[in-house]
Amino acid sequence: MTDSNPSLYGEQPQAPKSKAPGLMDQIVGVFTEPSALFEKLHQAPSWGWAAGTLTAAGVILTVIWGLKVDVEEMLRPVLERNPQIASAQIDTIIEMQKKFIMPFGVLGALFGTMIVILVAALFYWLVAKSAAEGEKPSYLHALSVAAVPGLVRLPQILLIALICLLKPIGGLTPEKIAPTSLGYFLHVENLKLHALLYGLDLFYIADVALTYLALRKITRMKTGGAIICVAVAVLVALGGRALGAR
């Protein structure tokens, strides 16, 4: 039965509501027709499936990496460079980290992805309230922007997981394993600069470009607002990476 609303001219059928793209439509769409996908998400926002998939992929990668990484090789150089840590403490710290690196890593992947999406969406939504063209977008629109473009990084996660399974990785952290960043090919002495080079990854750049497009299409944000949002997100991500380099 068709829903209808009364009008001056009698009963008229309501226009059917747009159906949100499913997970497979979103995964395929970010690689093939992102503009069309984001137009559909403007009509019917959806973010839960994308966020859940990215979270699950992060947890799986963390487990695979945690089972293969050499914790001592990863941590010893970092600890030895820290003047606040006595050499007698290093072995004890490494042994403790061997026990906790897996559970803490899984918890970080489980909750970290969702927290980043929620916070980024809040920022996008607040900017869009004053920088949108026409009707103000909802927080659901902003959540779609924060979650769906990240699906473009699934092949990178799969590649890193496969490399971990097929070959020794020593003390490498996940971002240093796959040959998709400048840091993989360019080695510099400055640790913070090297961390920035690892941040300049093909899949991260694709994620940034898609996020800009999503801001324009899903939230109908003006060009200036979308540029500001993307610039702030990049500064936070790469700045945090550089500051955390040790």
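For every chain, the first residue of its written sequence is number 1, and the numbers climb from 1 along that sequence. Local features in this predicted model are restricted to residues whose pLDDT is 70 or higher, and side-chain atom pairs enter the listing and the counts only when it is 80 or higher, whereas totals over whole chains, interfaces and linings include all residues. Hydrogen atoms and water are omitted, and side-chain values are computed over all heavy atoms in the structure.

K.L.:
Let's hear about helix α4 (residues 71-81): which residues, and what values?
P.N.:
Listed in full, the buried residues belonging to α4 are Val71, Met74, Leu75 and Leu79. Along the long axis of α4, the arc covered by the buried residues comes to 105 degrees, so they all point the same way. Buried-residue contacts for α4 involve α3 (48-68) and α5 (87-131). Here a polar contact is taken to be a pair of N or O atoms separated by no more than 3.5 Å, where protein atoms must pair a possible hydrogen donor with a possible acceptor and residues adjacent in sequence count only if both atoms sit in side chains. Helix numbering and strand numbering both begin at the N terminus, where a helix is a DSSP run of H or I of at least 4 residues and a strand a DSSP run of E of at least 2. The N-cap residue of α4 is aspartate 70: its side-chain oxygen and the backbone nitrogen of glutamate 72 are 3.2 Å apart. We call a residue buried when its accessible area falls under 20% of the maximum for its residue type, exposed when it is over 50%, and partly exposed in between, using a 1.4 Å probe and counting protein chains only. Arc definition: directions from the helix axis to the C-beta atoms. Working rule for contacts: check all heavy atoms of both residues, and any pair within 4.5 Å makes them a contact.

K.L.:
So what's going on with the environment of alanine 146? Which residues, and what values?
P.N.:
Turning to its location among the elements, alanine 146 is positioned in helix α6 (residues 139-147). When sequence neighbours within four positions are dropped, the list of residues in contact with alanine 146 reads Ile117, Ala120, Ala121 and Tyr124.

K.L.:
So, the nonpolar core: which residues are in play, and what are the values?
P.N.:
Formed by 52 residues in total, the largest nonpolar core has its most connected members in Phe38, Trp65, Val148, Leu151, Leu215 and Met221. It is α5 that contributes the most residues to this core, nine residues altogether. Dropping the residues within four chain positions of it, valine 148 is found in contact with Gln26, Val30, Leu37, Phe38, Leu41, Ser46 and Ala50. By nonpolar core we mean a set of buried residues, namely Ala, Val, Leu, Ile, Met, Phe, Trp, Tyr and Cys, connected to one another through side-chain atoms within 4.5 Å.

K.L.:
Hey, could you go over the packing of aromatic side chains for me, with residue numbers and the actual values?
P.N.:
By convention, a stacked pair of Phe, Tyr or Trp rings (six-membered ring in the case of Trp) has centres within 6.5 Å and planes under 30 degrees apart, an edge-to-face pair has planes over 60 apart, and any other such pair is tilted. Counted according to the given criterion, the structure contains four aromatic pairs. Plain terms: the ring middles of phenylalanine 100 and phenylalanine 104 are 5.5 Å apart, the flat faces sit at 20 degrees to each other, and that makes the pair stacked. Taken together, the positions of phenylalanine 100 and phenylalanine 104, both in helix α5 and four residues apart, correspond to about one turn of that helix. The exposure class of phenylalanine 100 is partly exposed, given its relative accessible area of 37%. On the numbers, 5.9 Å between centres and 65 degrees between planes, the contact of tryptophan 125 with tyrosine 139 is edge-to-face. Of the two residues, tryptophan 125 is situated in helix α5 and tyrosine 139 in helix α6; the sequence distance between them amounts to 14 residues.

K.L.:
Let's hear about a nonpolar patch on the surface: which residues, and what values?
P.N.:
A cluster of nonpolar side chains, namely Met96, Phe100, Phe104, Leu107, Leu110, Phe111, Ile115 and Val119, defines an oily patch on the protein surface of about 800 Å² accessible area. Along the polypeptide, leucine 110 turns up in helix α5. Using a relative accessible area of 38% as the deciding quantity, one classes leucine 110 as partly exposed. Exposure above 30% relative accessible area and the absence of a salt bridge qualify a residue for a patch, where like charges join within 9 Å and nonpolar side chains (Val, Leu, Ile, Met, Phe, Trp, Tyr) within 5 Å. For every accessible area listed, the method is Shrake-Rupley and the probe measures 1.4 Å; residues are considered covered only by the protein chains on display. By definition here, a salt bridge exists when the distance from a side-chain nitrogen of Lys or Arg to a carboxyl oxygen of Asp or Glu is within 4 Å.

K.L.:
Help me get a handle on the side chain of histidine 194, residues and values and all.
P.N.:
Summarising the element assignment, histidine 194 is placed in helix α9 (residues 191-199). Beyond its immediate sequence surroundings of up to four residues, histidine 194 is in contact with Gly183, Leu186, His187 and Val188.

K.L.:
An account of the pattern of salt bridges is requested, with residue identities and associated values reported.
P.N.:
Scanning all chains against the criterion turns up seven salt bridges. Arginine 76 is the salt-bridge partner of glutamate 72, the closest N and O atoms lying 2.9 Å from each other. Note that glutamate 72 and arginine 76 are positioned in helix α4 at a spacing of four residues, about one turn of the helix. The closest approach of N and O atoms between lysine 98 and glutamate 95, which form a salt bridge, is 3.4 Å. Placement of both lysine 98 and glutamate 95 in helix α5 is noted, with a separation of three residues, approximately one turn of the helix. Connected via shared salt-bridge partners are Glu39, Lys217 and Arg220.

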